[in-house]
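So you can see what is in the structure, the chains are spelled out below.
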Amino acid sequence: SARGFSLLMPAKTSWPAVAVGIFFAVVIGRKCFGGVGGAIFQPALVGQASVFTLFPSSNSEWLYSTGWSSLKEMYLWAANQDAIGIGAWVIVPVLIGGFFLIYKNLICWKIPVFFILTVLLLSVLTGENPGRAVLVGGVLFVAFFLMTDSTSPMPSQGKILFSIGIGALYVILR
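Just so it is clear, the structure is predicted and the values come from calculations on it, not from any experiment.

**Quick notes on the packing of helix H6 (residues 91-103) against helix H9 (residues 139-146)**
Here is step 1: Two elements in contact, H6 and H9, have axes whose closest approach is 9 Å; the angle formed by their N-to-C orientations is 25 degrees. In terms of their interaxial angle, H6 and H9 are classed as roughly parallel. Here H6 runs over H9; the crossing is left-handed. Counting all contacts with H6, which are made through Ile91, Val94, Leu95, Gly97, Gly98, Phe99, Leu101 and Ile102, the residues of H9 involved are Leu140, Phe141, Phe144 and Phe145.
Here is step 2: A breakdown of the residues in the contact of H6 with H9 according to their chemical character gives 10 nonpolar, two polar and no charged.

See the structure below:
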């Protein structure tokens, strides 16, 4: 919970905000909402929501669009940003970790695949750049590490519907 939370937060988030967020992630998100393996909400996202609610200035630090047009330009932009979540731009390590988890059968491949495909498809339908939609904003981090947590549904059809629904909400709310 604390590691996932730390990867969601901008690097310049104040330490009191981080402390409060980790408290909410671990104590409220994990322990009060069902314990290890039974939490009804993703604990790291509970922590992030608490920080954005209790520390409104943290909201203004998020960057949603940049206008870059190439992968090199995106990496140069990301390397100079302190306001995005750390897990939102470390694409290669996230992919390696995600594929390793799938290879070791620690996560179900359906959740990240259907989530990413939904984001890609809806991005095309809404006129957004699909490559940018997946590479910016932590889509890969969310797909491999947050959605596959123990809060995801167990039946195969449930995993697919869950992934499509979250992908649709991700594009709509972004």
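Structure's up, so let's keep going.
**Digging into unusual backbone geometry**
Here is step 1: Despite not being glycine, Asn105 has its phi angle at roughly 60 degrees, a positive value.
Here is step 2: Note that Asn105 resides in the loop between H6 and helix H7 (110-125).
Here is step 3: Residue classification places Asn105 among the exposed positions, given a relative accessible area of 67%.

**Re the environment of Val119**
Here is step 1: The residue Val119 is located in helix H7 in this model.
Here is step 2: Along the sequence, Val119 and Ser163 sit 44 residues apart, while their C-alpha atoms lie 9.8 Å from each other.

Thresholds applied
- Residues numbered from 1 in each chain as written.
- Predicted model: local features only at pLDDT ≥ 70, side-chain atom pairs only at ≥ 80, totals over all residues.
- Heavy atoms only, no water.
- Axes fitted to C-alpha atoms, helices over the stretch in contact; angles between N-to-C directions.
- Helix = DSSP H or I, 4+ residues; strand = E, 2+ residues; numbered from the N terminus.
- Parallel < 35°, antiparallel > 145°, perpendicular 65-115°, else oblique.
- Left-handed = near helix turned anticlockwise from the far one by under 90°.
- Contact = heavy atoms within 4.5 Å.
- Nonpolar A, V, L, I, M, F, W, Y, C, P; charged D, E, K, R; others polar.
- Buried < 20%, exposed > 50% of the residue type's maximum accessible area, 1.4 Å probe, protein only.

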